[in-house]
Each structure stands twice: as C-alpha cells, then as structure tokens.
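# Chains, contacts and geometry: an overview
Residues per chain, in single letters:
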Amino acid sequence: IRRGTDILKAIALGASAVLIGRPFIYGLATAGALGVAHVLRLLRDELEVAMALTGCRTLADITPAVLI
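Remember, predicted model here, so these are calculated numbers, not experimental data.

A few words on a nonpolar patch on the surface. A cluster of nonpolar side chains, F24, I25, Y26 and L28, forms an exposed patch at the surface whose accessible area comes to about 400 Å². Relative to the helices and strands, F24 resides in helix α2 (residues 22-54). When its relative accessible area of 33% is taken as the criterion, F24 is described as partly exposed.

Right under this line is the structure:
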C-alpha cells in the first residue's frame, strides 16, 4: 500500500485492514517519528479525497461497485 487510493481499492475488495511498508520506512528514515506521523496523515488525507470522489461517506460505504 503506497497511496490512499490503494487503501480504498483494498477495502472495496474485502480487506478489513491494510499494511503499509515502504512509506512507513521512508518516513522513519527521513524524520523519525514525525516522518511516520506525516506519512500516516498523507495516507489518511488521500483516502478521504478518494472516498469523497467516489461518493463514500464512511468506510462501510466502500463496496466493490466503487471499482467499476
């Protein structure tokens, strides 16, 4: 998972959780704990934008129909 849209796709396909790898490590290597917090904030913001663009108000509203 590298972007908020990847999170949206995973949830639409039935995931109940997602794991982030490289973005977490990049943030940690760049600025420590603050870098990780920044990466998580970016992912959340991207997910919120993706949800708004697809018309989903909550995570429960994300269905496979979003991918069509």
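This brings us to α2. The end-to-end C-alpha distance of α2 is 26 Å, clearly below the 48 Å that 33 residues give at a rise of 1.5 Å each. The principal kink in α2, of about 140°, is found at A31. Contact partners of the buried residues in α2: α1 (4-12). Downstream of α2 by one or two residues, G55 has phi in the positive range, about 85°.

Attention now goes to the nonpolar core. Residues I7, L8, I11, A12, V39, L43, L47, A50, M51, C56, I62 and V66 constitute the largest nonpolar core, which totals 12 residues. Put simply, the parts of the chain that give this core at least two residues each are α1 and α2. Examining the composition of this core, we find that 5 residues originate from one element, α2, more than from any other.

This part covers a positive patch on the surface. A cluster of basic side chains, namely R2, R3, K9 and R22, defines a positive patch on the protein surface. As for its placement among the helices and strands, R22 is situated in helix α2. Exposure remark for R22: the relative accessible area of 49% places this residue in the partly exposed category.

What counts and what doesn't
Residues numbered from 1 in each chain as written. Predicted model: local features only at pLDDT ≥ 70, side-chain atom pairs only at ≥ 80, totals over all residues. Heavy atoms only, no water. Patch = residues over 30% accessible without salt bridge, like charges linked within 9 Å, V, L, I, M, F, W, Y side chains within 5 Å. Areas by Shrake-Rupley, 256 points an atom, 1.4 Å probe, with all protein chains shown as cover. Salt bridge = Lys/Arg side-chain N within 4 Å of Asp/Glu carboxyl O. Helix = DSSP H or I, 4+ residues; strand = E, 2+ residues; numbered from the N terminus. Buried < 20%, exposed > 50% of the residue type's maximum accessible area, 1.4 Å probe, protein only. Expected span 1.5 Å × (residues − 1). Bend = angle between axes of the 7 residues up to and from the residue. Contact = heavy atoms within 4.5 Å. Core = buried A, V, L, I, M, F, W, Y, C linked by side-chain atoms within 4.5 Å. Lys, Arg positive; Asp, Glu negative; His and termini not counted. Charge placed at Lys NZ, Arg CZ, Asp CG, Glu CD.

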